[in-house]
Amino acid sequence: VFIIKYIHMFYKIIILLILVGCDKKISESKGDFNEVIIVSSLEDRNFVEPILNDYMFDDIIYTPEPEYIYKNTWIKPEGFNYYKDYSNIIIISLSDPPDKTIDSLFYYLHNDKTIDSYPITLNDIYAKPQNITLIKSLNQTKLKNDLNESVDQIKYNINKNIDTLFKRRQDLKKITLNQFIDSLTLNTFHLNLNVDSDFKVIKYDQKDNFLWIGKGAITYDNNATYQWISFKKTNLINVEGNIELYEIFRENIKDLDSNIELINDYTQFEFIDKDNSSYYYQKMLYNHNLKMTGGPIIGFLLNDYEKKSSLIIYGLINAPGKSKLRLIKELESIIKNSIF
């Protein structure tokens, strides 16, 4: 019986490697924009799934209902050929217990590379854009220690690939751009916004350097879906920390509507510092105190120290009864890709 099982496993490994190596053509990556495929043996999954859930897959955006940022799909190594051209893949293995199938997959993917330590990231192996993360640890305890040091970088790589994928898919749609809005944002704020023709100008004040654009409803309606982006150029605003940043966003949202109240989540915060500029990003919720509506809102603060000016950008949506993750991701992608 043991020999039969071993022969069966051996043939599964050979078939797996043949299937993986059959097609070297780079295709467009598949899967939902936020989907992460996790490849693991059944034995390892019992140990690693609770750890990954704690370290990686507990990220939530409140819209105000909680929505998980990542959609994770677990597969066995034998199913890798079907999922090999998905955009974000994690292949994870524990040395204890051993599993020849997952080890063979590891070997095939990096047999021509020198690996000093794990995790490592491979890009665009079977599809584009693609991020394959290889995680290998001795056991549960070692995996937790490894993730303590590496999980932020792993999520950064995945999020960066998600941003790239989302923009690429938008570009492939070959949407008609709103040339008028693009010229306004370029001339007023020096941003190449590239919004589609469904966006319209709701308000523009050249004197106050203020622009408000939107897609969907242009007035508040509890039952309507809308996506709004606003821009306001000001004198340079110095920021000491995320609490002060929230206060800046809370005060300046009044330019859009004095009845909007922001609700902060201090953990949803990003900061990037460059040569003569800095970039702040915060995810929040908003309520409209009169219209009794609300949803997710994102705030950006761009500081230009050479020109001594700041640009405040808001993106907010209302979509009652619908998933809001994709809608807010669209605004985030538009704004981020105009900045960088």
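Draft legend 1. Geometry of unusual backbone geometry. In this chain, Lys128 is followed by Pro129 through a cis amide linkage whose omega measures -10°. You can see Pro129 is positioned in the loop between β8 (127-128) and β9 (131-137).

Draft legend 2. Structural view of the environment of Asp208. The residue Asp208 is located in the loop between β10 (200-205) and β11 (210-216) in this model. When its relative accessible area of 41% is taken as the criterion, Asp208 is described as partly exposed. Along the primary structure Asp208 and Thr234 are separated by 26 residues, whereas in three dimensions their C-alpha atoms are 8.6 Å apart. Excluding its chain neighbours within four sequence positions, the residues that come into contact with Asp208 are Lys232 and Lys233.

Draft legend 3. A look at empty space enclosed by the protein. With the rule as written, the count across this model stands at one cavity of 30 Å³ or more. The volume enclosed by the largest cavity comes to roughly 30 Å³. Along the walls of the largest cavity sit Phe210, Ser230, Lys232, Asn252, Asp255, Leu256, Ile312 and Tyr314, which together make up its complete lining. Every element with two or more residues in the lining of the largest cavity is listed here: β12 (226-235) and β16 (309-318). Split into classes, the residues belonging to the lining of the largest cavity amount to four nonpolar, two polar and two charged.

Draft legend 4. Spotlight on the layout of surface pockets. Estimates place the volume of the largest pocket at around 1,000 Å³. As for the largest pocket, its lining consists of 34 residues, and the residues nearest its centre are Asn159, Asp163, Glu270, Glu332 and Lys336. Ranked by the residues each element gives to the lining of the largest pocket, the list is headed by helix α5 (residues 140-172), at nine residues. Its residues placed into classes, the lining of the largest pocket shows 15 nonpolar, eight polar and 11 charged.

Draft legend 5. Local environment of a nonpolar patch on the surface. Together, Phe180, Val201 and Tyr204 line one region of the surface with nonpolar side chains, adding up to about 260 Å² of accessible area. Here Tyr204 falls in the partly exposed class, since its relative accessible area comes to 31%.

Draft legend 6. The arrangement of the sheet that holds β9 in detail. What the five strands build is an open sheet, ordered β5-β2-β6-β9-β7; its pairing is mixed. The open sheet has two edge strands with one neighbour each: β5 (71-75) and β7 (120-123). Between one strand and the next, the sheet's axes are offset by a mean angle of 20°, whatever the strand orientation.

Criteria and cut-off values
- All chains use their own residue numbering, which begins from 1 and follows the written sequence.
- Totals for whole chains, interfaces and linings use all residues, but because this is a predicted model, local features are given only for residues with pLDDT of at least 70 and pairs of side-chain atoms are given and counted only at 80 or more.
- Excluding hydrogens and water, the side-chain figures rest on all heavy atoms present in the structure.
- What counts as a helix is a DSSP run of H or I of at least four residues, what counts as a strand is a run of E of at least two, and both are numbered from the N terminus.
- Only protein chains enter the accessibility calculation, which uses a 1.4 Å probe; a residue is then buried when its area is under 20% of its type maximum, exposed when over 50%, and partly exposed in between.
- In what follows, residue pairs with any heavy atoms lying within 4.5 Å of each other are defined as contacts.
- Put plainly, a pocket is an open set of points on a 1 Å grid over the protein atoms alone with protein on both sides within 12 Å along at least five of seven lines, a cavity is a set where a 1.4 Å probe fits but cannot get out, and a lining residue has an atom within 4 Å of a point.
- Grid points are joined across faces, edges and corners, and a volume is the space filled by probe spheres set on the points.
- In the scheme used here, Gly and all other residues not listed as nonpolar or charged are polar, with Ala, Val, Leu, Ile, Met, Phe, Trp, Tyr, Cys and Pro taken as nonpolar and Asp, Glu, Lys and Arg as charged.
- Without a salt bridge and with relative accessible area above 30%, a residue can belong to a patch; like charges are then joined within 9 Å and nonpolar side chains (Val, Leu, Ile, Met, Phe, Trp, Tyr) within 5 Å.
- Computed with the Shrake-Rupley method and a 1.4 Å probe, the accessible areas treat only the protein chains shown as cover for residues.
- Should a side-chain nitrogen of Lys or Arg be within 4 Å of a carboxyl oxygen of Asp or Glu, the pair is scored as a salt bridge.
- Pairing between strands requires that DSSP locate at least two bridges from one strand to the other.
- Structural elements are reduced to axes, namely lines fitted to C-alpha atoms, with helices fitted over the stretch in contact, and the angle between N-to-C directions of any two is expressed from 0 to 180 degrees.

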